[in-house]
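Chain by chain, the residues:
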Amino acid sequence: SQTIHQWPATLVQPVGSPLSLECTVEGTSNPNLYWYRQAAGRGLQLLFYSVGIGQISSEVPQNLSASRPQDRQFILSSKKLLLSDSGFYLCAWSVRPSVPKRRYEQYFGPGTRLTVT
Amino acid sequence: DAKTTQPPSMDCAEGRAANLPCNHSTISGNEYVYWYRQIHSQGPQYIIHGLKNNETNEMASLIITEDRKSSTLILPHATLRDTAVYYCIVPTTYSGGSNYKLTFGKGTLLTVNP
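Residues numbered from 1 in each chain as written. Chains lettered and ligands numbered in written order. Predicted model: local features only at pLDDT ≥ 70, side-chain atom pairs only at ≥ 80, totals over all residues. Heavy atoms only, no water.

How should the overall build of chain A be read in this particular structure?
Scanning chain A for helices and strands turns up 0 helices and 11 strands. Going from the N terminus to the C terminus, chain A shows its helices and strands as β-β-β-β-β-β-β-β-β-β-β. Relative to the globule expectation of 13 Å for 117 residues, the C-alpha radius of gyration of chain A, 14 Å, shows essentially globular dimensions. With respect to the three principal axes, the spread of C-alpha positions in chain A is 45 × 30 × 25 Å. Across the 117 residues that make up chain A, the buried fraction comes to 48%. Contacts spanning at least 24 positions in sequence make up 57% of the contacts within chain A whose residues lie at least 6 apart. Carbon together with sulfur atoms contributes 52% to the accessible area of chain A, which is approximately 5600 Å² in total. Distance between charge centroids for chain A: 4 Å, based on 11 positive and 6 negative side chains. (Helix = DSSP H or I, 4+ residues; strand = E, 2+ residues; numbered from the N terminus. Rg over C-alpha atoms; globule rule 2.2 N^0.38 Å. Buried < 20%, exposed > 50% of the residue type's maximum accessible area, 1.4 Å probe, protein only. Contact = heavy atoms within 4.5 Å. Areas by Shrake-Rupley, 256 points an atom, 1.4 Å probe, with all protein chains shown as cover. Lys, Arg positive; Asp, Glu negative; His and termini not counted. Charge placed at Lys NZ, Arg CZ, Asp CG, Glu CD.)

This is the structure we're talking about:
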């Protein structure tokens with residue numbers, strides 16, 4: 001069966017410090033991968049998605065970047081954190097959508113709660 | 001792009017059926033309805049999806065009206081562990097369906113009471 005891992009579970013970082021969050025998926029090949037952020041009391045916001053190694057699409061301009069160095073590894077980074085980067089960061093995977101199956105289920109990891117102080 | 005409307009909150013007694021409504025009046029003929037839920041401090045969990053026929057799985061049932069403008073997620077015997085935010089989503093598709101985006105709105109906070 002497929003599993004998705006994220007670490008760390010919680011993180012407290014000072015403003016201006018760098019960030020690296022890692023996500024790995026097991027039990028599947030060629031997944032689509034996603035990074036979401038959920039700010040306190042708000043909905044999920046899609047940050048990045050990737051359809052393959054080295055292929056990253058950004059949904060919103062921001063202080064963050066993403067990389068996919070391996071098929072099942074997705075990394076979220078920042079060179080200098082801002083207070084507004086605080087939130088709950090979620091990684092998700094899905095099978096490659098295809099027509100006509102139209103499978104749009106995404107499976108989420110446990111998340112990383114980031115507090116920027 | 002189809003948008004969804006859900007009540008912000010609902011209560012349900014433990015052991016009773018929970019019926020969560022969703023309006024998606026602008027849905028087009030080939031767009032699916034997906035349901036996810038998010039238990040506090042966890043990632044969202046896929047529940048079920050459907051196009052026009054009613055669907056059932058081990059977690060829930062999905063009833064879609066004949067005109068497809070609304071749907072209802074049914075948890076037949078709600079438990080305390082079903083307390084969560086439930087999201088009704090119509091995925092936005094691109095490139096003929098080979099790419100898509102899920103937009104999570106505010107959902108419905110379902111509170112199951114003992």
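Looking at this structure, how should I read the overall build of chain B?
Scanning chain B from terminus to terminus reveals 0 helices and 11 strands. Start at the N end of chain B and walk to the C end: the helices and strands fall as β-β-β-β-β-β-β-β-β-β-β. Taken over C-alpha atoms, the radius of gyration comes to 14 Å for chain B, in line with the 13 Å a tight globule of 114 residues would show. Overall, chain B is about 45 × 30 × 25 Å in size when its C-alpha atoms are taken along their principal axes.

For this particular structure, what's the right way to read the interface of chain A and chain B?
Many descriptions give the size of an interface as the accessible area lost when the pieces come together. Counting residues at the interface gives 23 residues for chain A and 23 residues for chain B. Taken over both partners, the interface formed by chain A and chain B buries close to 1900 Å², and the fraction arising from carbon and sulfur atoms is 53%. Across the contact surface, chain A and chain B share 1 salt bridge. Residue Glu59 of chain A is joined to Lys101 of chain B by a salt bridge in which the shortest nitrogen-to-oxygen separation is 3.0 Å. Counting across the interface, chain A meets chain B through 8 residue pairs in polar contact (both at pLDDT 80 or more). Looking at the side of chain A that touches chain B, the elements that each hand over two or more residues are strand E4 (32-38), strand E5 (44-52), strand E9 (87-94) and strand E10 (107-108) of chain A. (Buried area = accessible area lost by both parts, 1.4 Å probe. Salt bridge = Lys/Arg side-chain N within 4 Å of Asp/Glu carboxyl O. Polar contact = N/O pair within 3.5 Å; in protein donor to acceptor, adjacent residues only side chain to side chain.)

How should I be thinking about the pattern of salt bridges in this particular structure?
Two side chains that carry opposite charge are able to pair once their charged atoms sit near each other. Residue and element names in this part refer to chain B. Applying the stated criterion across every chain, the model contains 4 salt bridges over all chains. Among the ionic pairs, Asp82 bridges to Arg37, the shortest N-O distance being 2.8 Å. Here Asp82 is found in the loop between strand E7 (70-75) and strand E8 (84-89), whereas its partner Arg37 is found in strand E3 (residues 33-38), with 45 residues between them in sequence. Note on Asp82: relative accessible area 13%, which makes it buried. By relative accessible area, which is 11% here, Arg37 ends up buried.

Teacher, can you tell me more about the sheet that holds strand E7 (residues 65-70) of chain A here?
Hydrogen bonds along the backbone pair up the strands of a sheet, which may run parallel or antiparallel. Residues and elements named next belong to chain A. Pairing is antiparallel in the open sheet, where 4 strands are placed in the order E1-E3-E8-E7. Taken across any chain shown, the strands that pair with only one partner, and hence form the sheet edges, are strand E1 (3-7) and E7. Averaged over all pairs of adjacent strands, the angle between strand axes in this sheet comes to 20°, irrespective of strand direction. Two strands pair when backbone bridges link them, and E1 and strand E3 (residues 19-26) are joined in this way by 5 bridges, in the antiparallel orientation. Looking across to E3, one finds that His5 is bridged to Thr24. (Pairing = 2+ DSSP bridges. Axes fitted to C-alpha atoms, helices over the stretch in contact; angles between N-to-C directions.)

What should I look at first to understand the packing of aromatic side chains in this one?
Centre-to-centre distance and the angle between the planes together describe a pair of aromatic rings. Applying the stated criterion across every chain, the model contains 15 aromatic pairs over all chains. Measuring from centroid to centroid gives 5.8 Å for Tyr36 of chain A and Phe104 of chain B, while their planes differ by 90°, and the two rings are edge-to-face. One end of the pair, Tyr36 of chain A, is in strand E4; the other, Phe104 of chain B, is in the loop between strand E10 (99-101) and strand E11 (108-113), on a second chain. Judged by its relative accessible area of 0%, Tyr36 of chain A falls in the buried class. Three or more aromatic residues link up through ring pairs in this structure, and these residues are Tyr34, Tyr36, Trp93, Tyr104, Tyr107 and Phe108 of chain A together with Tyr34, Tyr36, Tyr46, Tyr87, Tyr100 and Phe104 of chain B. Arg113 of chain A extends its terminal NZ or CZ atom over the ring of Phe88 of chain A, reaching a point 4.3 Å from the ring centre. (Phe/Tyr/Trp six-rings, centres within 6.5 Å; stacked < 30°, edge-to-face > 60°. Lys NZ or Arg CZ within 6 Å of the ring centre and 35° of its normal.)

Where do I start with the sheet that holds strand E4 (residues 45-50) of chain B in this structure?
All names here are of chain B. Pairing in this open sheet of 5 strands is mixed, and the strands run E1-E11-E8-E3-E4 from one edge to the other. Each edge of the sheet is formed by a strand with only one pairing partner; in this case those strands are strand E1 (9-13) and E4. The mean inter-strand angle of the sheet, taken between neighbouring strand axes irrespective of direction, is 25°. As paired elements, E8 and E11 share 3 bridges and run antiparallel to each other. Considered in E11, the bridge of Val85 is made with Leu109.

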